[in-house]
Amino acid sequence: MAQWEMLQNLDSPFQDQLHQLYTNSLLPVDIRQYLAVWIEDQNWQEAAMDNDNSKVNMLFFHFLDQLKYECARCSQDPECLLLQHNLRKFCRDIQALPQGPMQLAEMIFNLLLEEKRILIQSQRAQLEQEEPALEAPVESQEHEIESRILELRTMMEKLVKSISQLKDQQDVFCFRYNIQKQVRTSSLEPHQSRQQQLLQETLNELDKRRKEVLDAARALLGRLTTLIELLLPKLEEWKAQQQKVCIGAPQDGRSELLQLEKWFTDGAKLLFHLQQLLKELKGLSHLVSYDNDPLQGVDLQKAQVTELLQRLLHRAFVVEAQPCMPQTPHRPLILKTASKFSVRTRLLMRLQEGNESLTTKVFIDMNPPQLQGFRKFNILTSNQKTLTPEKGQSQGLVWDFGYLTLQEQRSGGSGKGSNKGLLGVTEELHIISFTVKYTYQGLKQELRTDTLPVVIISNMNQLSTAWASVLWFNLLSSNPQNQQFFSNPPKAPWNLLGPALSWQFFTYVGRGLDRDQLNMLKGKLFVQNSGNEGTLLSWADFTKRENPPGKLPFWTWLDRILDLVHDHLKDLWNDGHIMGFVSRSQERKLLKKTISGTFLLRFSETTEGGITCSWVEHQDDDKVLINSLKPFTKDVLQSLPLTKIICHYQLLTEENIPENPLCFLYPRIPRDEAFGCYCEDKVNLQERRKYLKHKLIVVSNRQMDELQPPPEPNLEPELESLELPPGLAPGPEPGLGLELEPLLNAGLDLGAPLEPTLGAISQRVPEPNLGSELKLETVLEPTLQPVLVPEPKPEPDLPHDLRHLNTEEMEIFRNSTKIEEIMPNGDPLLAGQNTVDEAYVFHPSHFYTDGPLLPSDY
């Protein structure tokens, strides 16, 4: 009925298509409207597509019975003469069809398909003509369902009352009939004649009441069918939303599922109640039966109610919580062999017999795809769970499996299983299924539900790639049971992929990506085609192609950043202090327009999980310098937080006076205002009395070492390491008598490349003059210094944030002491730093101490 109601509300052009459809059809449009509820309730697709003649024949004879019954009803109403004629004519026509029942099923199935096509065309036209249409508010939809349920309950109460009156009327008829049957006098006597007339009137009244009750039951059944048609799409919406939530979409659908459970239970109660009432009517027809008894149509209605209940039951069995391991709650649908995982199922129809326990069994890959090398698994733990009536009444029909474990089947009878098939381990999709035998009020059904496809790994190193597979499948697959999806994975448009990437940060870190960050990622993925909205991205480009060449694939690079933010930068990210995803060219454009000392934080595009800090300097000759620190990775940040690196970073000026060049967070937020709350140190008074206060700081050197002889500069190797564009490499600057190669051979061997963990200082060679528009970007290699602070009186001539330093007793170790003498094997905390990310200059390291060291304190 719902489909026909929508067709009647179409605009004129689509109404014409509907009229044209039924002009050339054997089924008259008035019969289609009169029998809309019954026609739409039948499974014409199954009858037309299957080769089971028994189903087709049964549906055909039910249709004939329905037509004859409606024709008999119309014969008593003079106003329905035309409808009665059409019903009789159509009944004769379908019995004369050459192919009989099969032709009728195919005809009605095709008509219903064409109706749906017209509806879809109408909806698309409406969306194109209007502004982006707002969906009907959820509140109005819920109100409609609630109002329908209340209306159905009222109708049910009236039906119960009508059946009670019908029973009373039938009892009166039976009493008078038995009295009349015992009287043996002639029917010609006046008294006997009046008794027979009274008995006939009672029978007529009984027949009238039976028709009224049956009509009320039919109307109630039609309303229940409409309710089911409203509930099932809501359930599909919840399943689609659950699929998005699994890959990070920011919405919790549990409250919606509990609301659906309430509605499904209310609908099922009404259907079971109607089924009981129809059984009572069938019992009344057995007690009193006569020709053209209306109650002969009760069997048809009972069959319709049973079919509705079966349809509702099979859809009501769902997976409430998809499979997930406890160690990776933010990444469901990834399971590891020999590791526990949990999954929860629920039956939305909260009806259970008082003495009947319900047992759910678990299976994996009940219908595996026929793929070479497709792995098989066993469930090690118990594969079933029983729900008692007591638990069912208190918590609902919920089966919570919390300790399931998988083990791969051995191949060839010995050794571990192996994957030598067409798909990789992280591209294999497996489905876990659940079955339960449900019994209630004589209705017995075996129900089944399936999880979304899961990826099964054997090592946690495969987690990142496995999550990429889960993300790609649930974003693009139209069939949630397609286990061969990665045999030919489709390409992804940016309008789907972009929001999904933002969901990863929203779910795992707490804040998604803004438009500028997404545009940077879009440009990195699509390169030259980033401006084309119709460009598609392949699965290989997302997870396998190195981006840029020689570096990490895009997904590996992004996932490492995601882990870095979660483990070390979560607060800064959620507060919006990390710009993060910004290209180097965009970084220069942004900083060039700001005042000196403005800095921003961005993720390295080539280092695996690295973040760097860049700031701008405007020189007196209108030259603009962009300085960048070597990227900090988790190896550094786990020893020293990024907030303290920024707050205490020092750059030595030409006078060897340390200063912090990081003054304003882009666009112009004072550093202390942005990061001060993160850098407040907790003071332990007892510890201060025993030890000198100390802290680790990052220091870079701006000038050349004054104690080194000034050799001639040779800037070509330096420019090559900085990877300047072709044509921009300058020659030696006139007037300088230094050469880079002798400088490097003059005893500045630093050993292993230093990262910002323990006290070394970087320095920079003189910059070539590239004009006012373009200036060579300097990448400083920062180092950490242990600084001992005895807290002397602050120096009034020093900057405010450096007054704690004691410059009078500061001793600078230059060439008199080499770094190799202090750390002959290099700094062990800085070993393994990736030095290929950006061009930078190696510099000697210095250690600073503030105040005398007191042996008594140590």
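Asks: Please set out the packing of helix α6 (residues 53-74) against helix α7 (residues 81-95) residue by residue, giving values where relevant.
Replies: Running from N to C, α6 and α7 point in directions that differ by 155 degrees, and their axes come no closer than 9 Å. Put simply, α6 runs roughly antiparallel to α7. Handedness of the crossing formed by α6 with α7: left-handed. Of α7, the residues touching α6 (which contributes Phe60, Phe63, Leu64, Leu67, Lys68, Glu70, Cys71 and Cys74) are Leu83, Gln84, Leu87, Arg88, Phe90, Cys91, Ile94 and Gln95. Each residue belonging to the contact of α6 with α7 can be placed in one class, and the counts come to 11 nonpolar, two polar and three charged.

Asks: Can you tell me about helix α15 (residues 494-508), naming the residues and giving the values?
Replies: Compared with the 21 Å implied by 1.5 Å per residue over 15 residues, the 21 Å span of α15 between its first and last C-alpha is a close match. Taken together, the buried positions of α15 are occupied by Trp494, Leu497, Gly498, Ala500, Leu501, Ser502, Trp503, Gln504, Phe505 and Tyr508. Backbone geometry just downstream of α15 places glycine 510 in the positive-phi region, at approximately 120 degrees.

Asks: Go over the sheet that holds strand β6 (residues 384-387), please, and point to the residues and values.
Replies: With respect to topology, four strands assemble into an open sheet ordered β6-β4-β9-β10, the strand pairing being antiparallel. Pairing within the sheet leaves two strands with one partner each, and these edge strands are β6 and β10 (443-450). The sheet shows a mean angle of 20 degrees between the axes of neighbouring strands, direction not considered. Pairing of strand β4 (residues 358-364) with β6, which is carried by four bridges, proceeds in the antiparallel orientation. Counted as the bridge partner of lysine 361 is glutamine 384 from β6. Each of β9 (432-440) and β10 touches helix α12 (residues 298-316); the most contacted strand, β10, lies at about 30 degrees to it.

Asks: Got a sec to walk through the nonpolar core? Specific residues and values, please.
Replies: If you look at the biggest cluster of nonpolar residues, it comprises 157 residues, and the most contacted ones within it are Phe542 and Phe581. Element by element, the count of residues in this core is highest for helix α10 (residues 190-246), at 16 residues. For phenylalanine 542, the residues in contact, after removing those within four places along its chain, are Ala468, Leu471, Trp472, Leu497, Leu501, Leu537, Phe554 and Trp555. In terms of nonpolar packing, the next biggest core, distinct from the first, is built from 42 residues, Phe63, Leu87, Phe109 and Leu300 among them.

Asks: Tell me about the pattern of salt bridges, and name the residues and values.
Replies: Tallied over the entire structure, the rule returns 27 salt bridges. The residue lysine 524 makes a salt bridge to glutamate 605 at a minimum N-O spacing of 3.9 Å. In this pair, lysine 524 is assigned in helix α16 (residues 515-526) and glutamate 605 in the loop between β14 (598-603) and β15 (611-618), connecting sequence segments 81 residues apart. Lysine 524 gets classed as buried once you look at its relative accessible area, which sits at 8%. Sharing partners across several salt bridges, the network here consists of Glu261, Glu320, Arg344, Arg346 and Asp400.

Asks: Report on the confidence of the model for the protein, specifying residues and quantitative values.
Replies: When the pLDDT values of the protein are averaged, the result is 76; 74% of them are 70 or greater. Taken as a whole, residues 703-777 scores under 50 in pLDDT and shows 188 contacts with residues more than four places along the chain or in a different chain. Long-range and interchain partners of residues 786-795, a stretch whose pLDDT sits below 50, account for 34 contacts in this model, where long-range means more than four residues apart.

Asks: For α7, give the residues involved together with the corresponding values.
Replies: Since the α-helix packs 3.6 residues into each turn, any two residues three or four apart lie on the same face. Over its 15 residues, α7 extends 22 Å from the first C-alpha to the last, a length consistent with the 21 Å expected when each residue adds 1.5 Å. Along α7, the residues that are buried comprise Leu83, Gln84, Asn86, Leu87, Phe90, Cys91 and Ile94. One side of α7 carries all its buried residues, which in axial view fall inside an arc of 165 degrees. Residues of α7 that are exposed and point over 90 degrees away from its buried face: Leu81, Leu82 and Arg92.

The rules we used
Residues numbered from 1 in each chain as written. Predicted model: local features only at pLDDT ≥ 70, side-chain atom pairs only at ≥ 80, totals over all residues. Heavy atoms only, no water. Axes fitted to C-alpha atoms, helices over the stretch in contact; angles between N-to-C directions. Helix = DSSP H or I, 4+ residues; strand = E, 2+ residues; numbered from the N terminus. Parallel < 35°, antiparallel > 145°, perpendicular 65-115°, else oblique. Left-handed = near helix turned anticlockwise from the far one by under 90°. Contact = heavy atoms within 4.5 Å. Nonpolar A, V, L, I, M, F, W, Y, C, P; charged D, E, K, R; others polar. Expected span 1.5 Å × (residues − 1). Buried < 20%, exposed > 50% of the residue type's maximum accessible area, 1.4 Å probe, protein only. Pairing = 2+ DSSP bridges. Core = buried A, V, L, I, M, F, W, Y, C linked by side-chain atoms within 4.5 Å. Salt bridge = Lys/Arg side-chain N within 4 Å of Asp/Glu carboxyl O. pLDDT = per-residue confidence, 0-100. Arc of directions from axis to C-beta.

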